[in-house]
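Below, each chain spelled out in residue letters.
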Amino acid sequence: MDSLTQSATAILRQMIATQSFSGDEKNVSDIVVKFLKDNGYEPEQIGNNIIARCKDFAEGNSTLMLNSHLDTVKPAQGWETTPTEPIEKDGALIGLGSNDAGASLVSLLMAFIATDNTGLGYNRLFVASAEEEISGPNGMYKILPMLKGKVDAGIVGEPTGMKMAIAEKGLLVLDCEAKGKTGHAARADGINAISIAMKDIDWLHSYQFPEKSPLLGNVKMTVTQIQAGTQHNVIPAECKYVVDVRTTEKYSNKQTWDIIQQHIQSTATPRSLNKNASAIDENHPIVAAAKSLGIETFFSPTTSDQAVISGAFPTVKMGPGDSARSHTANEYININEISDGIDGYIKLMKKIEL
C-alpha cells in the first residue's frame, strides 16, 4: 500500500469512528481540518464545512473545486457489525460512510495535496461540505455564495466506480394531500379521500412528459409513501402521500410542479425547488480530459450536491466505490478502490486544461 493510500485509509477510519449524521458533522470536520493544518494548509471552517486553497494558488488563474461531503445517513437495519467501528476484512474497509462518500472525500484530499506545486496551471479548492444527505441549509447552500464567481468548474466526489457522470437528474419531493369528507363506511355519505388519491396516483404513474431529454431520458414520478384512515368503519377525509420526482434539464422543478398540480386534485407541496437537473457540455475541458484517458462517461439518475451547484459553475460527479452500496447495511469500500481513486483523480487533474 503506497503512502497516499495509507494516509487516506487512516483518515477514513477516523471518520467512520466519528458520528457524522447530517447536521452533526463538527467532530469529523475537525479531523479533516487538523489533517490539513498538519500538512501546512490554512483551511477555513464555515459551520461544519471546510474550504482550503492550494499552496500554489495564484490570483487570475482558473479554479477547480474538489468537493465531497462529510455527513452520513443513519445506519440501515441489518448491520452485522457496529456501523461506527471501522473493520478491515479481505481487503475492504467496512463502516458507515465508507463508500458514501468517505472514500471520495479522502481520495480527493490526497489528490489535492499530491498535486500541489506541480505546475498544473490552475488553482484548486478542496471543499468538504455538510448536510448533503438531507439537502440542508447549512451545507452547500451555505457556502455556495462564497464560491460563485471564484470557481470555474468542479469535481463532486460520489461513488461512481471512477466513471464520470456528466449529467444528473434533479430531485423534487412533493407532500401531497387529497381532501374528502368523513362519513360512515356503511352508508353512501362522505367523500373518500383515498379514492381521490388513487386517481391522482394512477395519473402520476402513467403520465409521460412530452419533452424527453437526450441525456437523462424522461421525468420519473414515483409514489413512495401513503397514509390515510383512522378506523375500519370511517370514510377518511384526508389521504396523504409522498411523490419522488426525478427531473431532467427539459423541465425545471418549478415547471414540473406546475404541470403536476394542474392535473391532480390533491394539493402538492414541494419540499424544495432547488435541486434541479444538471449537465456539463460534452466539450468541456474536464470531459475532454476524461475522454483522453479513456474514462467512461454516463448520465446519473441519483442526485448530489451537483443539483445545488447547478447554474453556478459546471461540475462532474466522479469517485471510488459503488452507488449500490450507499445507504445499505454493512457498507464498505475496497482499499484498492481508494488507491485507484487517488491515482485516477491525479491523472485527470494533470490532463485538465482549465
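Look above for the structure.
This is a predicted model, so every value here is computed, not measured.

What counts and how
- Residue positions are given per chain, counted from 1 along the sequence in the order it is written.
- Totals for whole chains, interfaces and linings use all residues, but because this is a predicted model, local features are given only for residues with pLDDT of at least 70 and pairs of side-chain atoms are given and counted only at 80 or more.
- Note that water and hydrogens are dropped before the side-chain values are worked out from all heavy atoms of the structure.
- Note on pairing: DSSP must find at least two bridges between two strands before they are called paired.
- Numbering goes from the N terminus for both helices and strands, where a helix is a DSSP run of H or I of at least four residues and a strand is a run of E of at least two.
- Working convention: axes come from line fits to C-alpha atoms, limited for helices to the stretch in contact. Angles between N-to-C directions cover 0 to 180 degrees.
- Here a residue-residue contact requires only that any non-hydrogen atoms of the pair lie within 4.5 Å.
- Three exposure classes are used, based on accessible area relative to the maximum for each residue type with a 1.4 Å probe and protein chains only: buried under 20%, partly exposed in between, and exposed over 50%.
- Any N or O atom pair separated by 3.5 Å or less is treated as a polar contact, with the protein-specific requirement of one donor-capable and one acceptor-capable atom, and with residues adjacent in sequence counted only for side-chain atom pairs.
- In these notes, a set of buried Ala, Val, Leu, Ile, Met, Phe, Trp, Tyr and Cys residues joined through side-chain atoms within 4.5 Å is what counts as a nonpolar core.
- In these notes the angle categories are as follows: under 35 degrees is roughly parallel, over 145 is roughly antiparallel, 65 to 115 is roughly perpendicular, and the rest is oblique.
- A crossing counts as left-handed when the near helix is turned anticlockwise from the far one by less than a right angle, and as right-handed when that turn is clockwise.
- A pairing counts as a salt bridge when a side-chain nitrogen of Lys or Arg comes within 4 Å of a carboxyl oxygen of Asp or Glu.
- A pair of cysteine sulfur atoms is labelled a disulfide when the two atoms are within 2.5 Å.
- Side-chain rings of Phe, Tyr and Trp (the six-membered ring for Trp) are treated as a pair once their centres are within 6.5 Å; stacked means planes under 30 degrees apart, edge-to-face means over 60, and tilted covers the remaining angles.
- Comment: the charge-over-ring label is applied if NZ (Lys) or CZ (Arg) is within 6 Å of the ring centre and within 35 degrees of the ring normal.

Colleague: I'm lost on the sheet that holds strand β9 (residues 170-179) in this one. Help?
Modeller: Sheet strands line up and pair through hydrogen bonds in the backbone, either parallel or antiparallel. The four strands lie next to each other as β11-β13-β9-β14, forming an open sheet whose pairing is antiparallel. Each of the sheet's edge strands pairs with one partner strand only, and the pair in question is β11 (220-228) and β14 (267-270). Going from strand to strand, the sheet's axes swing by 25° on average, the running direction of each strand aside. Note: β11 against strand β13 (residues 238-247), eight bridges, orientation antiparallel. Bridge pairing links Ile226 to Tyr241 in β13. Most of the contacts of helix α5 (residues 193-206) go to β13, to which it runs at about 10°, and overall it touches β9, β11 and β13. Contacting β9, β11, β13 and β14, helix α6 (residues 253-263) crosses the sheet at an angle of about 25° to β9.

Colleague: In this structure, what is going on with the side chain of Ser29? I would like to understand it.
Modeller: Mapped onto the elements, Ser29 comes out in helix α2 (residues 26-38). Taking the relative accessible area as the measure of exposure, Ser29 reaches 0% and is therefore buried. There is a polar contact of 3.1 Å between the side chain of Ser29 and the backbone oxygen of Asn48.

Colleague: Can you help me understand the nonpolar core in this one?
Modeller: In globular proteins that are soluble, nonpolar side chains generally tend to be buried together. Counting 54 residues, the largest nonpolar core has Leu36, Leu64, Leu109, Phe112, Phe126, Met164 and Leu348 as the members making the most contacts within it. Here the element with the most residues in this core is helix α3 (residues 98-114); it accounts for nine residues. Non-local contacts of Phe126, meaning those with residues more than four positions away in its chain, are made with Val32, Leu36, Ile50, Ile51, Ala52, Leu66, Leu105, Leu108, Leu109 and Phe112. Counting 23 residues, the second largest nonpolar core, distinct from the first, contains Leu172, Ala197, Phe209 and Ile260.

Colleague: Whenever I open this one, the environment of His284 confuses me. Can you help?
Modeller: Counting through the fold element by element, His284 comes out in the loop between β15 (278-279) and α7 (285-292). Residue classification places His284 among the buried positions, given a relative accessible area of 13%. Every residue in contact with His284, bar those within four places of it in the chain, is listed here: Ala153, Pro314 and Leu354. At 3.1 Å, the side chain of His284 and the backbone nitrogen of Ile286 are in polar contact.

Colleague: Teacher, can you tell me more about the sheet that holds strand β4 (residues 87-89) here?
Modeller: If you trace the three strands from one edge of the open sheet to the other, you get β4-β5-β18, paired in antiparallel fashion. Both edges of this open sheet fall to β4 and β18 (332-334), since each of them pairs with a single strand only. When the angles between neighbouring strand axes are averaged without regard to direction, this sheet yields 25°. When strand β5 (residues 92-94) meets β18, the two strands line up antiparallel, connected through three bridges. The partner of Ile94 across the bridge, within β18, is Tyr332. Across the sheet, helix α1 (residues 3-16) lies against β4, β5 and β18, angled at about 20° from β5, the strand it touches most.

Colleague: Sorry if this is basic, but what is going on with the packing of α3 against helix α9 (residues 335-351) here?
Modeller: It is the contact of α3 with α9, at a shortest axis distance of 8 Å, that shows an interaxial angle of 45°. It follows from the interaxial angle that α3 and α9 lie oblique. When the axes of α3 and α9 are compared, the crossing they make is right-handed. Across the interface between the two elements, Ala103, Ser104, Ser107, Leu108, Met110, Ala111 and Ala114 of α3 pack against Ile338, Gly341, Ile342, Tyr345, Ile346 and Met349 of α9.

Colleague: What am I meant to see in the pattern of salt bridges here?
Modeller: Oppositely charged side chains can pair when the atoms bearing their charge come close. A complete count under the given rule lists 17 salt bridges for this structure. Residue Lys254 pairs with Asp258 through a salt bridge whose shortest N-O separation is 2.9 Å. On the criterion of helical spacing, the pair formed by Lys254 and Asp258 is a turn pair, its members being four residues apart in helix α6. Since its relative accessible area comes to 40%, Lys254 is described here as partly exposed. Look at the salt bridges and you will find they share partners, linking Glu177, Lys179, Glu238 and Lys240 into a network.

Colleague: Which parts of the structure should I look at to understand the state of the cysteines?
Modeller: Cysteine pairs can be covalently joined through their sulfur atoms, and such a bond is termed a disulfide. Tallying each qualifying case throughout the model produces zero disulfides. We note that Cys176 lacks a disulfide partner, and the nearest cysteine sulfur, in Cys239, lies 9.9 Å from it. The exposure class of Cys176 is buried, given its relative accessible area of 3%. Note on Cys239: relative accessible area 1%, which makes it buried.

Colleague: Even after reading the chapter, I still don't get the packing of aromatic side chains, so can you show me in this structure?
Modeller: The geometry of two aromatic rings is summed up by the distance between their centres and the angle between their planes. Considering all chains together, one arrives at five aromatic pairs under this definition. Their ring planes at 35° and their centres at 5.8 Å tell us that Phe112 and Phe126 sit as a pair that is tilted. Remark: Phe126 occurs in strand β6 (residues 123-129) and Phe112 occurs in helix α3; sequence separation between them is 14 residues. Residue Phe112 is classed as buried on the basis of its relative accessible area, which comes to 0%. Taking the relative accessible area as the measure of exposure, Phe126 reaches 0% and is therefore buried. Each ring, one from Trp203 and one from Tyr207, has its centre 4.6 Å from the other, and the planes form 25°; the classification is stacked. Taken together, the aromatic side chains of Trp203, Tyr207, Phe209 and Tyr251 make up a single cluster linked through ring pairs. The ring centre of Tyr41 lies 4.7 Å from the NZ or CZ of Lys55, which sits over that ring. Just above the ring of Tyr122 sits the side chain of Arg124; from NZ or CZ to the centre is 6.0 Å.

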